[in-house]
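Working through the structure, step by step
Read off the chains here:
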Amino acid sequence: MITVHHLNNSRSQRVLWLLEELGLPYTVKRYERDARTMFAPAELRAVHPLGKSPVIEDEGRVLAESGAIVEYLVDKAGGRLGAPADGDDALRYRMFLHYAEGSLMPPLLLKLVLSRVPIMGKIALKRIQPMIDVHLDFVERELAARPWFAGAEMTAADVMMSFPIEAARARAGLDATRPHTLAWLDKVQALPAYRRAIEVGGPYAYD
Ligand SMILES: N[C@@H](CCC(=O)N[C@@H](CS)C(=O)NCC(=O)O)C(=O)O
């Protein structure tokens, strides 16, 4: 049985969503962020040296890093929600699977960190938002061209993209000026498996 080490308001929410989509059996161990620092509790380091969420345990193995976990779960489910058959869609799938954490999350995280730094943070923030806007414009164009990130069907690439898009709506100016992205997010958040994952994960600030 898979164990998900789930931190509140975190990337592990999308792992719960994927597990619900795939119908794989799992249990959840919960952790709460420190209310002041927002860091994960030290006990998560006992599970994995990085002490970050998500982490899963399965068949005696411990696996960290969302993208690796998502690929592992897709493989375990026989490739369901994995790369589409069409070659171009498959390339999009691969790209967005990496893009979510590799390119889109870093400026969003930087914005969050800088927003907590007085004076110099405010000055630096002015340089970050235009970087984020380039990403959000790119995402909007992609979703104007097709209903899901990798084509006509929902895939695990959508699961990976859910957290940065939710974060962008919460704190980086994603609004009605990018209607295809917002429509995609509304569609995702209405999916039965997504809703079940929210119930399992507990209160989620980005829902
Ligand atoms: N790229 C990693 C990032 C992991 C990460 O930073 N997780 C955050 C939650 S969204 C975390 O554990 N933060 C608490 C901490 O740093 O103490 C992944 O996708 O798994």
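Residues numbered from 1 in each chain as written. Predicted model: local features only at pLDDT ≥ 70, side-chain atom pairs only at ≥ 80, totals over all residues. Heavy atoms only, no water.

Under an unreviewed UniProt entry, the protein chain has the name Glutathione S-transferase family protein and belongs to Novosphingobium pokkalii.

Taken as a whole and assessed by the stated rule, the structure comprises eight aromatic pairs. Ring geometry for Trp17 versus Tyr194: centroids 5.6 Å apart, planes at 70 degrees, classification edge-to-face. One end of the pair, Trp17, is in helix α1 (residues 12-22); the other, Tyr194, is in helix α8 (residues 192-201), and 177 residues separate them in sequence. Comparing Trp17 with Tyr194 shows no difference in burial state: the two are buried. (Phe/Tyr/Trp six-rings, centres within 6.5 Å; stacked < 30°, edge-to-face > 60°. Helix = DSSP H or I, 4+ residues; strand = E, 2+ residues; numbered from the N terminus. Buried < 20%, exposed > 50% of the residue type's maximum accessible area, 1.4 Å probe, protein only.)

The next subject is the pairing of strand β3 (residues 55-58). Of the strand pairs in this sheet, strand β1 (residues 2-7) and β3 are connected by three bridges, and their pairing is antiparallel. Bridge pairing in β3 links Val4 to Ile56. Sheet topology places β3 next to strand β4 (residues 61-64); four bridges connect them, and they run antiparallel. Bridged to Ile56 within β4 is Leu63. The loop that links β3 with its antiparallel partner β4 comprises two residues; one of these, Glu59, has a positive phi angle of about 50 degrees. (Pairing = 2+ DSSP bridges.)

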